[in-house]
Amino acid sequence: MTKNELALAIGHTISNVMSRILNTGAAQYDLGNVQKIESKSITKVLDESLEELDDLLAYISYARIRVSLLRAKLSEHDPIN
């Protein structure tokens, strides 16, 4: 992968995030001139952030398990061992 290909891949990820903000996120959080998060107390924002971090940890753990399983399967056929 070249640096340009890597940059394009990262740009694609950023585009996906932007799309979620403008579509799904807009339907859930857009209040016109402000976002719903702006009208929440700091305590509420911190509580929700902790919940999101817990969810993220669960997703990362599951992704690690899947990558590990995939690695085990692919290593059997890896021509560069």
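Computed from a prediction, not measured in an experiment: that's the story for all the values here. (Residues numbered from 1 in each chain as written. Predicted model: local features only at pLDDT ≥ 70, side-chain atom pairs only at ≥ 80, totals over all residues. Heavy atoms only, no water.)

Caption draft 1: Quick look at the overall build of the chain. Counting its regular elements, the chain contains three helices and zero strands. Starting at the N terminus and walking to the C terminus, you meet the elements of the chain as α-α-α. Here the C-alpha atoms of the chain give a radius of gyration of 19 Å, more than 25% beyond the 12 Å that 2.2 N^0.38 yields for 81 residues. The buried share of the chain, taken over its 81 residues, is 2%. A total accessible area of about 7,600 Å² is found for the chain, and carbon and sulfur atoms account for 61% of it. Side-chain charges in the chain split into 9 positive and 11 negative, and the spacing between the mean points of these groups amounts to 6 Å. (Helix = DSSP H or I, 4+ residues; strand = E, 2+ residues; numbered from the N terminus. Rg over C-alpha atoms; globule rule 2.2 N^0.38 Å. Buried < 20%, exposed > 50% of the residue type's maximum accessible area, 1.4 Å probe, protein only. Areas by Shrake-Rupley, 256 points an atom, 1.4 Å probe, with all protein chains shown as cover. Lys, Arg positive; Asp, Glu negative; His and termini not counted. Charge placed at Lys NZ, Arg CZ, Asp CG, Glu CD.)

Caption draft 2: Examining the pattern of salt bridges more closely. According to the stated counting rule, one finds two salt bridges in the structure shown. Residues Lys40 and Glu48 are paired through a salt bridge, measuring 2.6 Å at the closest nitrogen-oxygen approach. Classification of Lys40 as partly exposed rests on a relative accessible area of 25%. Taking the relative accessible area as the measure of exposure, Glu48 reaches 25% and is therefore partly exposed. If you follow the salt bridges from partner to partner, you end up with Lys40, Lys44 and Glu48 in one network. (Salt bridge = Lys/Arg side-chain N within 4 Å of Asp/Glu carboxyl O.)

Caption draft 3: Layout of a negative patch on the surface. Together, Asp47, Glu51, Glu52, Asp54 and Asp55 give the surface a local cluster of negative charge. Tracing the backbone shows Asp55 in helix H3 (residues 42-75). Classification of Asp55 by relative accessible area gives partly exposed; the value is 40%. (Patch = residues over 30% accessible without salt bridge, like charges linked within 9 Å, V, L, I, M, F, W, Y side chains within 5 Å.)

Caption draft 4: Up close: the environment of Leu74. Among the secondary structure elements, Leu74 is positioned in helix H3. By relative accessible area, which is 52% here, Leu74 ends up exposed. Separated by 35 residues in sequence, Leu74 and Ser39 have C-alpha atoms that sit 49 Å apart.

Caption draft 5: Representation of a nonpolar patch on the surface. Nonpolar side chains collect at one region of the surface, where Met1, Leu6, Ile10, Ile14, Val17, Met18, Ile21 and Leu22 lie side by side and expose about 850 Å² of accessible area between them. Considering the arrangement of structural elements, one finds Ile21 in helix H1 (residues 3-22). In this structure Ile21 comes out as exposed when scored by relative accessible area, which is 52%.

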